[in-house]
Amino acid sequence: MERVLIKGLTAVVTQDEKRRVLRDADILIEGSKIAAVGRDLPGGADMVIDGRGKVAIPGLVNAHTHIPMTLFRGVADDLDLMTWLQEKIWPMEAHLTAEEVAAGAALGIYEALRTGTTTFADMYFFEDAIAEEAIRLNIRAVLAESYIGFGSPVVRDGWKAFEYAKEFVKRWKGRHELITPSLGPHAPYSVEPDLLGASAEAARELEVPLQIHLAEDRSEVDKVTRDYGKTPVRHVESLGLFEGNRVIAAHVVHPQDGEIQILKERRVLIAHNPISNMKCGAGFAPVPDYLKEGVLVGLGTDGAGSNNCLDMFETMKVAALIHKGYTGDPKVVSAQEVLDMATVLPARALGLNVGSIEPGKLADIVLVATESPWWRPLHSIVSHIVYAARSTDVTHVFVGGKLSIEDGRLVTADPGEIVKRAEEAALRLMEKGGVESFLSGS
Ligand SMILES: [Zn+2]
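Bear in mind the structure is a predicted one, so any value in this text is a computation, not a measurement.

So, how was this worked out
- Residues numbered from 1 in each chain as written.
- Predicted model: local features only at pLDDT ≥ 70, side-chain atom pairs only at ≥ 80, totals over all residues.
- Heavy atoms only, no water.
- Core = buried A, V, L, I, M, F, W, Y, C linked by side-chain atoms within 4.5 Å.
- Buried < 20%, exposed > 50% of the residue type's maximum accessible area, 1.4 Å probe, protein only.
- Helix = DSSP H or I, 4+ residues; strand = E, 2+ residues; numbered from the N terminus.
- Domains from an automatic or database assignment.
- Contact = heavy atoms within 4.5 Å.
- Polar contact = N/O pair within 3.5 Å; in protein donor to acceptor, adjacent residues only side chain to side chain.
- Salt bridge = Lys/Arg side-chain N within 4 Å of Asp/Glu carboxyl O.
- Donors = N, O, S within 2.8 Å, 3.2 Å for Na, K, Ca; no water.

What exactly am I supposed to notice about the nonpolar core here?
Note that soluble globular proteins tend to have their nonpolar side chains buried in a common cluster. Phe242 and Ile385 are the most contacted members of the largest nonpolar core, which totals 131 residues. The element that contributes the greatest number of residues to this core is helix α2 (residues 98-114), accounting for nine residues. Taken together, domain 1 (3-58 + 358-410) and domain 2 (60-350) each give at least three residues to this core, which thus spans both. Excluding residues within four positions of it along the chain, phenylalanine 242 makes contact with Leu214, Val233, Val236, Glu237, Val247, Ile262, Leu263, Arg266 and Val268.

How do you make sense of the side chain of threonine 301 when you look at a structure like this?
Note that threonine 301 resides in the loop between β13 (296-299) and α11 (312-327). Residue threonine 301 is classed as buried on the basis of its relative accessible area of 0%. A polar contact is formed between the side chain of threonine 301 and the side chain of asparagine 62, at a distance of 2.8 Å. Not counting chain neighbours up to four residues away, the residues in contact with threonine 301 comprise Asn62, His64, Thr65, Asn273, Ser276, Asn307, Cys309, Leu310, Asp311, Met312 and Thr315.

What exactly am I supposed to notice about the pattern of salt bridges here?
When the charged atoms of two side chains with opposite charge come close together, those side chains can pair. The tally for this structure, following the rule as stated, stands at 22 salt bridges. Between lysine 279 and aspartate 77 there is a salt bridge, and its shortest N-O distance comes to 2.8 Å. Taken together, the positions of lysine 279 in helix α9 (residues 274-279) and aspartate 77 in the loop between β6 (60-65) and α1 (81-93) put the pair 202 residues apart, joining distant regions of the chain. Accessibility expressed as a relative area gives 31% for lysine 279, which makes it partly exposed. Of the charged contacts in the structure, one is a salt bridge between lysine 223 and aspartate 227, with a shortest N-O distance of 2.8 Å. Note that lysine 223 and aspartate 227 are positioned in helix α6 (residues 218-228) at a spacing of four residues, about one turn of the helix. We classify aspartate 227 as partly exposed; its relative accessible area is 40%. When salt bridges with common partners are traced through the structure, they connect Glu99, Glu133, Arg136 and Arg421 into a single cluster.

I would appreciate a short explanation of unusual backbone geometry in the present structure.
The phi torsion of most residues other than glycine is negative, and most of the peptide bonds are trans. Note the cis peptide between asparagine 307 and asparagine 308, where omega equals 10 degrees. Positionally, asparagine 308 belongs in the loop between β13 and α11. That bond from arginine 376 to proline 377 is cis: its omega, -5 degrees, falls within 30 degrees of zero. Within the secondary structure, proline 377 sits in the loop between β14 (365-369) and α14 (381-388). Look at valine 333: it is not a glycine, yet its phi comes out positive at around 50 degrees. Examined against the element boundaries, valine 333 turns out to sit in the loop between α11 and α12 (335-341). With a relative accessible area of 2%, valine 333 lands in the buried category.

I tried to follow the coordination of the zinc ion on my own but got confused; where do I start?
For a metal with four tetrahedral donors the ideal donor-metal-donor angle is 109.5 degrees, whereas six octahedral donors ideally subtend 90 or 180 degrees. At 2.1 to 2.4 Å from the zinc ion lie its protein donor atoms, namely His64 (NE2), His66 (NE2), His213 (NE2) and Asp302 (OD). Within one chain, the residues donating to the zinc ion are spaced in sequence as H-x1-H-x146-H-x88-D. Linking histidine 64 in strand β6 with aspartate 302 in the loop between β13 and α11, this pair joins segments that are 238 residues apart in sequence. Pair check on accessibility: histidine 64 and aspartate 302 agree, each one buried.

Right under this line is the structure:
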């Protein structure tokens, strides 16, 4: 078993039960797991990494994204949701094949790793291609082959797409340690009640997490209430969605009366996407209330179409700031709470043995350089991680004990090749979908 010793770290932000930050510490990795954390650990490792001047944090967990949508970064900004979808995104997505998805996923995974993310939860199409790219580039992923009422670009019928999604789960369950398959009905306004109920039952039977967009904006609340006589959270609850399932509900910006209590009792993980919510004009999720009531909250970027980056450092800072601004109370959503939302909370909710730096945990570890002026004076590590650090400060990323990023460079694949392939794939989709791009000009 390979042993890696990270020696002489300035600090280790353990995110353990006591949220200890260890000073001048080493981390010993054996195989895929953390073997020891502490001062002056014995040598004899196969690889020694110089940790001096660096801080170790648990790898960040992006609780909601659509990773191949990097292909659509910046092609359509500042539009209302329906114009964005109908005139820009759907005409391009209609031409998607596994090849474009793989190209976009590789770019998204490269970006995620480069900015300190070691696990992402994804809802998209052609997820087999995303799983293959995740394994190739070495990142952990919770993947849902998504479907809406009228199907997906893979299968153009909702029920058949659901069958295809279940086959995806069966293909990947227990197949690779980096991949957790999952089910992903798109949202309560786009998937009919029978299909949502069947999805809930299938997730229970297959024992996999279920991901869904929920209560994202006001129009959804109005539509679902009008069509089904219940507000979105109550509607999906009545269909058995939360019954014995691990559910990741993306957004939940607009819970209605009594719904926060339901989310708490059902142990639903809310994937909070502050940047996407603001960019789409969806509003401000009541995160201070969620935290006060003990609802599980994770952080997500959402897809690059609505963010436009997959940068969890940026997301942490924005999450810590917007609720202070919105409520007028600087005491809400502390730096420590935000770091919890990016590490231990989603890890626990997803049932993954990651999210903290402790012996026995999988070695998903990020090293961050502290030389830059914005890191000094080094008064508070957790504060600096959330409020001052930049994602480009990330130097090393381990996933399952293996290096994916070393000295700021991707080491699992050729980054130039990834970018070239993604730009070629994006250009093909723009041309077919009739959407303008800087790339297509001369
Ligand atoms: Zn989304």
